[in-house]
Amino acid sequence: MSRRGLFITVEGGEGVGKSTNMAFLEQRLRDSGVDLLVTREPGGTRLGEELRGLLLQVSEEPVCATTELLLIFAARAQHIHELIEPALAAGKWVLCDRFTDATYAYQSGGRGIAAASVRSLEKLVQGTLRPDCTLLLDAPVNIGMERARGRGELDRFEREQVDFFERVRATYLQLAQEGGGRYRLVNAAQPLEQVQQQIDKICRELLRCHHLEGQQV
Ligand code: Z5A
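Owing to the predicted nature of the structure, the values given are computational and were not obtained by experimental measurement.

Colleague: Mind showing me how you'd approach the layout of surface pockets here?
Modeller: Sizing a probe to match a water molecule and rolling it over the atoms shows the empty space that remains. Counted as a void, the largest pocket has a volume near 650 Å³. If you trace the largest pocket, you find 28 residues lining it, with Lys18, Arg52, Arg98, Asp155 and Glu158 closest to the centre. Residue assignment for the lining of the largest pocket shows that the elements contributing at least two residues are α1 (18–31), α2 (46–56), α3 (65–89) and α4 (100–110). Ranked by residue count, the leading element in the lining of the largest pocket is α4, at four residues. Considered class by class, the residues forming the lining of the largest pocket number nine nonpolar, seven polar and twelve charged. By volume, the second largest pocket is sized at about 200 Å³.

Quick look at the structure:
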């Protein structure tokens, strides 16, 4: 029976460079011989990607916060059942672009849904499943918004105002502060090379802890 894999998530507010650094981390882990599943939330499965489309699209009908929350957890339930759990059970590492910390940050911090409601759904949908390690990319909101605005058309979340993203950031930082050992805070306001030096260090640590050191890192 293979050893259970490691569940790594990457989190952060708008424009912090998640996509850029997910690609860096993926390459770094693959180069080290890690058997890896790379995925994202909302999404990952066919149903999850359809729900993602509904969540991100700009629509004339305002989406109520509870609907948003339930769609996110519906996508997550399918994602865990179809992809995440089977991969971890088979000994693969899972690298996921956002997970439930984003729900605390956006739906609770940003939209104002009670954290207790998120916790109930977390328990229902995930059981005891939690990430083993979360890289939290953090940058001041104005820097993130400036970077994200340079990408063109804005989705439904990206159209929110500064105070929404300030609450998202504050919630993420609070989670990291209160969340025990699983969070690794990365200063994403630095130039990319320095951000990736920080990520590289975390990567070495993870590989060392999981006895993959000595392989090409
Ligand atoms: N959402 C939610 O509400 N609740 C949930 O539970 C979950 C999600 C799971 C989609 O997520 C939305 O879903 C998200 C919250 C909601 N909406 N928002 N906002 P997403 O992860 O797909 O969307 P995103 O936040 O836009 O992620 P992204 O595409 O990874 O964007 P990013 O962090 O901005 O990354 P980027 O594209 O790599 O970087 C942006 C630009 O900055 C780009 O031009 C880079 O070249 C540049 N960049 C990156 N790093 C640097 C540095 N260090 N210096 C200078 N420039 C840089």
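There is more to say after this.
Colleague: In this structure, what is going on with the pattern of salt bridges? I would like to understand it.
Modeller: Oppositely charged side chains can form a pair if their charged atoms are brought close together. Overall, the coordinates contain 18 salt bridges when judged by the stated rule. Between Asp97 and Lys18 there is a salt bridge, and its shortest N-O distance comes to 2.7 Å. Taken together, the positions of Asp97 in strand β3 (residues 93–97) and Lys18 in helix α1 put the pair 79 residues apart, joining distant regions of the chain. For the pair shown, Asp97 and Lys18 are each scored as buried. We note a salt bridge from Arg111 to Glu68, for which the minimum N-O separation is 2.9 Å. Placement of the pair is Arg111 in the loop between α4 and α5 (115–126) and Glu68 in helix α3, with a sequence separation of 43 residues. Judged by relative accessible area, Arg111 falls into the partly exposed class, the value being 24%. A network of salt bridges, in which partner residues are shared, links Glu68, Arg111, Arg156 and Glu160.

Colleague: Looking at this structure, how should I read unusual backbone geometry?
Modeller: Most peptide bonds take the trans form, and the phi angle of most residues other than glycine is negative. The peptide bond linking Glu41 to Pro42 adopts the cis configuration, its omega dihedral lying at -10°. Relative to the helices and strands, Pro42 is located in the loop between β2 (36–40) and α2. Non-glycine residue Arg98 carries a positive phi angle of around 75°. Considering the arrangement of structural elements, one finds Arg98 in the loop between β3 and α4. On the basis of relative accessible area, Arg98 is assigned to the buried category, the value being 16%.

Colleague: Help me understand the sheet that holds strand β5 (residues 183–187), please; the structure alone is not making it clear to me.
Modeller: The strands making up a sheet associate through backbone hydrogen bonding, with each pair oriented either parallel or antiparallel. Spatially, β2-β3-β1-β4-β5 is the arrangement adopted by the five strands of the open sheet, whose pairing is parallel. Each edge of the sheet is formed by a strand with only one pairing partner; in this case those strands are β2 and β5. The sheet shows a mean angle of 20° between the axes of neighbouring strands, taken without regard to direction. Two elements, strand β1 (residues 7–12) and strand β4 (residues 133–138), share five bridges in a ladder whose sense is parallel. Within β4, the residue paired with Gly12 across the bridge is Leu137.

Colleague: Would you mind going over the environment of Val125 with me for this structure?
Modeller: Inspection of the secondary structure assignment puts Val125 in helix α5. Spatially, the C-alpha atom of Val125 lies 5.5 Å from that of Ala77, the residues being 48 residues apart in sequence.

Colleague: Mind showing me how you'd approach α1 here?
Modeller: For an α-helix, the turn length of 3.6 residues means that residues three or four places apart are oriented alike. For α1, which comprises 14 residues, the first-to-last C-alpha distance of 20 Å matches the rise-based estimate of 20 Å (1.5 Å per residue) to within 8%. Here α1 has its buried residues at Lys18, Asn21, Met22, Leu25, Arg28 and Leu29. The buried residues of α1 occupy an angular sector of 130° when projected down its axis, which confines them to one face. The elements touched by buried residues of α1 are β1, β2, β3, β4 and α8 (192–209). Phi for Gly33, located one or two positions after α1, is positive at around 90°.

Parameters at a glance
Residues numbered from 1 in each chain as written. Predicted model: local features only at pLDDT ≥ 70, side-chain atom pairs only at ≥ 80, totals over all residues. Heavy atoms only, no water. 1 Å grid on protein atoms, 1.4 Å probe; cavity = no way out; pocket = protein on both sides within 12 Å on 5 of 7 lines; lining within 4 Å. Points joined across faces, edges and corners; volume = space filled by probe spheres on them. Helix = DSSP H or I, 4+ residues; strand = E, 2+ residues; numbered from the N terminus. Nonpolar A, V, L, I, M, F, W, Y, C, P; charged D, E, K, R; others polar. Salt bridge = Lys/Arg side-chain N within 4 Å of Asp/Glu carboxyl O. Buried < 20%, exposed > 50% of the residue type's maximum accessible area, 1.4 Å probe, protein only. Pairing = 2+ DSSP bridges. Axes fitted to C-alpha atoms, helices over the stretch in contact; angles between N-to-C directions. Expected span 1.5 Å × (residues − 1). Arc of directions from axis to C-beta. Contact = heavy atoms within 4.5 Å.

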